[in-house]
Structure formats: structure tokens, C-alpha cells
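Descriptive structure summary
Here are the chains, one letter per residue:
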Amino acid sequence: MATALVTGATSGIGLEFARQLGARGHRLVLVAPEAERLERVCAELAGTYGVETEAVLADLSVRADVERVAGRAHTVDFLVNNAGFGLRKWFLDNERATEEALFDVLCRAVLVISHAAGRSMRDRGHGTIVNVASAAGWVAGGTYSAAKSWVIAFSEGLASELAATEVTVTVLCPGFVRTEFHQRARISLDKLPGPLWLDARRVVRDCLADVDRGTVISVPSPIYKTLVWLARVAPRRLVRSGGPLTKHRPPLR
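Sequence positions are assigned chain by chain, starting from 1 and proceeding in written order. Confidence filtering applies because this is a predicted model: local features only for residues at pLDDT of at least 70, side-chain atom pairs given and counted only at 80 or more, and all residues used for totals across whole chains, interfaces and linings. Here the side-chain values reflect all heavy atoms present in the structure, with hydrogen atoms and water set aside.

Here we look at the side chain of Ser 145
- Helix numbering and strand numbering both begin at the N terminus, where a helix is a DSSP run of H or I of at least 4 residues and a strand a DSSP run of E of at least 2. Examined against the element boundaries, Ser 145 turns out to sit in helix 5 (residues 143-161).
- Think of it in three bands: with a 1.4 Å probe and only protein chains considered, a residue is buried below 20% of the maximum accessible area for its type, exposed above 50%, and partly exposed in between. With relative accessibility at 4%, the residue Ser 145 sits in the buried group.
- In this analysis, two residues are considered to be in contact whenever any of their non-hydrogen atoms come within 4.5 Å of each other. Excluding residues that lie within four positions of it along the chain, Ser 145 makes contacts with Ala 136, Gly 137, Val 139 and Ala 140.

Quick look at the structure:
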């Protein structure tokens, strides 16, 4: 029985990964910063899918907590780096400490945990890493976009490094997903057109199908595949000036 570690596992995309991996029979190591909710989710998933669950209480903006999670990641077969949060303000309007916390969770934690898990997987000859980025990573939309752009480039590089092994790396780049993500960031998206919203269950199901195929970049839904393609081929000055993925100040995901 394989063991899967999921960060940001108590809500949204992370919780959906935990559910679908639990349904596949994986032992679950769930990482989140809220103790009561984490224990409740572990109990729910153990009861629903009959799998072993382990709670790891950790705030990934705290370096000591990241090191603890990295230590646990040495023995897992499937890693999902999902933890993250959004910011309402632009970079220069935010406190530097807030921006540093965003960088630590979205970039540094992904690097440290992937290094621990990836090296062990390579040595054992098998494993899967999924890094959750965003369609926002293809555009110029503040520090969230910059962080997710780093996750995309990092994941592609790691996938190339591991190409000759049985370890696969997939980076998931969703658009706007119906989760608690924007509510927690106190971002209102009432005027966002309905077709731009994605369902977390479908996003994760499509991502896992891409993982099974060995796909490196997973972009769910035809509309976001088109928007990401346009962002990649359009002149950068047009991407910076705005468009379907940049005109909304809130981060995608």
C-alpha cells in the first residue's frame, strides 16, 4: 500500500486530493496548520475509505515546521505540495513579512519538501510528485503569480532531472476553483463569469489522470487550456497589460 503526503490537506484542492488518493487505497499523511480541523479530516477519511491516516500539524511559513514535514516526506510514495494562500493587496501595499510568508509557503516549502521526497523516491526507484501551481503562473499578476511561475519552472526542471527514473513530476495549473481559497483571503469574486469557475473534484480527477499518463503540465478544462496557451504565445507586453487571466486582481486557484 502506497503512502501519500498532502500539504494544505483540510480544504479545497488539498482535501480533494486526500479524498481521491484515499479512494485509491493510499495511506494518508495530511499536513495542515489547524489542529482540530486536521484531526477531524483524518478521522473522516479513515472512516470513509478504510485507510490509515496520520496528522502532521505544521505551518509551512515556519522553517522548523517545514523541516519536520520534509523529514516525514522521506518515506512517502506520493507527494502533493498544495499548501498556499492568496493576498488581497499588491506587493508594495503589503507588509514585507506577509510577502515573505507567501514566498516561504508557495516556494521555499515546495523546494525543501520536494528535495527530501524526490531524492528518496529516486533512490528507491519509484514515486510521484504533484506540485499545485496556478494558471496565474503564466501571467504577470503580482507576487502570487510570480511564486506560481516559479513552481511551474521548478517542476518542469525536476521532471527533466528525473526523466530517466520511475519518478514522475506533474505541476497542476488550475484557474478559479470553488473552494475556501478566496473567502479566506477576503476576496470577492461575485462578478466572475460562471464558465471560469472549476469544480475541485473534476480538477483533481483530471490531474490524477494526467499523473497516470506521465503528463508534466496539467491544465484542467478546455477554457483554461486555451487561456494558458494564449498567455504563453502572446507578446509579454500584452500579457502584462491585461486580459482574461490578469484583469482580475485576486489570484486564481
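Text resumes after the structure shown.
Observations regarding the pairing of strand 1 (residues 3-7)
- Burial runs high along strand 1: 5 of the 5 residues are buried.
- What you see with strand 1 is no split at all: Thr 3, Leu 5 and Thr 7 on one side and Ala 4 and Val 6 on the other are buried throughout.
- In this sheet, strand 2 (residues 27-32) lies alongside strand 1 in parallel orientation, the contact comprising 5 bridges. Following the sheet pairing, Thr 3 is matched in strand 2 by Arg 27. By this definition, two strands are paired if DSSP reports at least two bridges between them.

Some points on helix 4 (residues 96-124)
- For helix 4, built from 29 residues, the straight-helix expectation of 42 Å at 1.5 Å per residue is met to within 8% by its first-to-last C-alpha distance of 40 Å.
- Bend, at a single residue, is the angle you get between axes fitted to the 7 residues ending at that residue and the 7 residues starting at it. Considering bend angle alone, the principal kink of helix 4 is centred on Asp 104 and spans about 40°.
- Phi turns positive one or two residues past the end of helix 4, at Gly 125, with a value near 90°. Each helix should span, by expectation, one fewer than its residue count multiplied by 1.5 Å.

Focus: the packing of helix 1 (residues 12-23) against helix 2 (residues 35-49)
- To get an axis, fit a line to the C-alpha atoms, keeping to the stretch in contact for a helix; angles then go from 0 to 180 degrees between the N-to-C directions. Interhelical geometry of helix 1 versus helix 2 gives an angle of 30° and a closest axis separation of 9 Å. On the basis of their axis angle, the class for helix 1 and helix 2 is roughly parallel. As for the relative orientation of helix 1 and helix 2, their crossing is right-handed in sense. Between helix 1, through Leu 15, Ala 18, Arg 19, Gly 22 and Ala 23, and helix 2, the contact on the second element is made entirely by Val 41, Glu 44, Leu 45 and Tyr 49. By definition in this entry, angles of less than 35 degrees are roughly parallel, angles greater than 145 are roughly antiparallel, angles of 65 to 115 are roughly perpendicular, and the rest are oblique. With the far helix as reference, a near helix turned anticlockwise by less than a right angle produces a left-handed crossing, and one turned clockwise produces a right-handed crossing.

Overview of the pattern of salt bridges
- A pair is scored as a salt bridge if a Lys or Arg side-chain nitrogen falls within 4 Å of a carboxyl oxygen belonging to Asp or Glu. Within this structure, the stated rule accounts for 12 salt bridges.
- The salt bridge partner of Arg 122 is Asp 123, with a shortest N-O separation of 3.4 Å.
- We classify Arg 122 as partly exposed; its relative accessible area is 40%.
- For Asp 123, a relative accessible area of 58% corresponds to the exposed category.
- Counted as one network, the salt bridges with shared partners bring together Glu 16, Arg 19 and Glu 44.

Topic: the sheet that holds strand 6 (residues 167-172)
- What the 7 strands build is an open sheet, ordered 3-2-1-4-5-6-9; its pairing is parallel. With one partner strand each, in any of the chains shown, strand 3 (53-57) and strand 9 (217-218) form the two edges of the open sheet.
- As paired strands, strand 6 and strand 9 are joined by 2 bridges and run parallel to one another. Bridging across to strand 9, Val 171 finds its partner in Ile 217.

Considerations on helix 8 (residues 222-233)
- The first and last C-alpha atoms of helix 8 sit 17 Å apart over 12 residues, in line with the 16 Å expected at 1.5 Å per residue.
- Buried within helix 8 we find Tyr 224, Leu 227, Val 228 and Ala 231. The arc that holds every buried residue of helix 8, seen down its axis, measures 95°, which confines them to one face. Looking at helix 8, the residues exposed on the side facing more than 90 degrees away from the buried face are Pro 222 and Trp 229. The directions from the helix axis to the C-beta atoms are what the arc is built from.

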